[in-house]
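Notes for the structure review
Here are the chains, one letter per residue:
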Amino acid sequence: MARRPTARVGAGRVAALFVPLAVVAWLSGLPFVFPSLGPSAYVLAVSPDADTSRPARVFGGHLIGLAAGLAAYHLLAPGLVLTTQPAAGSLASGRLAASAFLAVVGTTAGMVASEYRHAPACATTLIVALGLLTTAREAVVVVLAVGVLLATDAGLRRIARRRRR
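Residues numbered from 1 in each chain as written. Predicted model: local features only at pLDDT ≥ 70, side-chain atom pairs only at ≥ 80, totals over all residues. Heavy atoms only, no water.

Right, let's talk about the overall build of the chain for a bit. Across its full length, the chain holds six helices and zero strands. Starting at the N terminus and ending at the C terminus, the chain contains elements arranged as α-α-α-α-α-α. In terms of its C-alpha atoms, the chain occupies a principal-axis envelope of roughly 60 × 35 × 25 Å. For the chain, the residues scored as buried account for 36% of the 165 residues in total. Of the roughly 9000 Å² of accessible surface on the chain, a fraction of 67% belongs to carbon and sulfur atoms. Here the chain carries 16 positive and 5 negative side-chain charges, and the mean point of each set is 8 Å from the other. (Helix = DSSP H or I, 4+ residues; strand = E, 2+ residues; numbered from the N terminus. Buried < 20%, exposed > 50% of the residue type's maximum accessible area, 1.4 Å probe, protein only. Areas by Shrake-Rupley, 256 points an atom, 1.4 Å probe, with all protein chains shown as cover. Lys, Arg positive; Asp, Glu negative; His and termini not counted. Charge placed at Lys NZ, Arg CZ, Asp CG, Glu CD.)

Structure follows, in structure tokens:
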């Protein structure tokens, strides 16, 4: 059984995982930091040996979530953005709710069918399905951000292996 990291080690690893993302977001003005990366960083930091922390699962899960979110959003709620709650019972509210519903169901089905199970990807799909990151450029940024997170994790793992020698 793998050892659980201390609070200091876990928090330090999450910080190290987020520094490159924060710097790129700051310097580029692009959304390289979005809510579902926090849970992904947490899983990578505190459960590095868990199945859900395997790079293929992290990347594949977010990719499935992105695809399902984009499909649901552009099918059901194009042009809408959930930055404020639409009026209860409104068409806009219903379209966003349906988009979110379809995206989460699609993401779940896709992750289970493909074995790319990574729960934080359900947050990615909601971010997209609710209109927050919906353009082709933003989709590329999501993919790149997950790639940066995984590359940073791989670098941290390499450093840790060298220190153990």
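Still to come is the rest of the account.
With that out of the way, let us pick up the nonpolar core. Across soluble globular proteins, nonpolar side chains have a tendency to be buried as a group. Core analysis: the largest hydrophobic core is formed by 22 residues, its most contacted members being Phe 34, Leu 37 and Leu 149. Elements represented by at least two residues in this core include exactly helix 1 (7-28), helix 2 (37-46), helix 3 (55-76), helix 5 (121-129) and helix 6 (136-164). No other element matches the seven residues that helix 6 contributes to this core. Beyond its immediate chain neighbours, meaning those up to four positions away, Leu 149 contacts Leu 17, Leu 21, Leu 37, Ser 40, Ala 41 and Leu 44. (Core = buried A, V, L, I, M, F, W, Y, C linked by side-chain atoms within 4.5 Å. Contact = heavy atoms within 4.5 Å.)

Moving on, we get to a nonpolar patch on the surface. Nonpolar side chains collect at one region of the surface, where Val 19, Val 23, Trp 26 and Leu 27 lie side by side and expose about 470 Å² of accessible area between them. Along the chain, the position of Val 19 falls in helix 1. (Patch = residues over 30% accessible without salt bridge, like charges linked within 9 Å, V, L, I, M, F, W, Y side chains within 5 Å. Salt bridge = Lys/Arg side-chain N within 4 Å of Asp/Glu carboxyl O.)

Among the surface-exposed residues, Arg 158, Arg 161, Arg 162, Arg 164 and Arg 165 lie close enough to one another that they form a single positively charged patch. Locating Arg 162 in the fold gives a position in helix 6.

With that out of the way, let us pick up helix 6. Each α-helix winds once per 3.6 residues, and so residues spaced three or four apart point in a common direction. When the terminal C-alpha atoms of helix 6 are compared, their 42 Å separation across 29 residues agrees well with the 42 Å that a helix rising 1.5 Å per residue should span. Among the residues of helix 6, Ala 139, Val 141, Val 142, Ala 145, Val 146, Leu 149, Leu 150, Thr 152, Asp 153 and Gly 155 are the ones counted as buried. The inward-facing, buried residues of helix 6 contact helix 1, helix 2, helix 3 and helix 5. (Expected span 1.5 Å × (residues − 1).)

A word on the side chain of Thr 107. By the element assignment, Thr 107 lies in helix 4 (residues 91-114). Within the structure, the side chain of Thr 107 is placed 2.8 Å from the backbone oxygen of Ala 103, a separation counted as a polar contact. With sequence-adjacent residues up to four places away left out, Thr 107 is seen in contact with Ile 64, Gly 65, Ala 68, Ala 121, Cys 122 and Thr 125. (Polar contact = N/O pair within 3.5 Å; in protein donor to acceptor, adjacent residues only side chain to side chain.)

Where helix 1 contacts helix 6, the axes come no closer than 9 Å and their chain directions differ by 135°. Relative to helix 6, helix 1 is oriented oblique. Crossing hand, helix 1 versus helix 6: right-handed. Between helix 1 and helix 6, the contacting residues are Arg 13, Ala 16, Leu 17, Pro 20 and Leu 21 on the first element and Ala 145, Val 148, Leu 149, Thr 152, Asp 153, Leu 156 and Arg 157 on the second. Broken down by class, the residue content of the contact of helix 1 with helix 6 amounts to eight nonpolar, one polar and three charged. (Axes fitted to C-alpha atoms, helices over the stretch in contact; angles between N-to-C directions. Parallel < 35°, antiparallel > 145°, perpendicular 65-115°, else oblique. Left-handed = near helix turned anticlockwise from the far one by under 90°. Nonpolar A, V, L, I, M, F, W, Y, C, P; charged D, E, K, R; others polar.)

It is worth stressing that arrangement in space is one thing and function is another; only the former is reported here.
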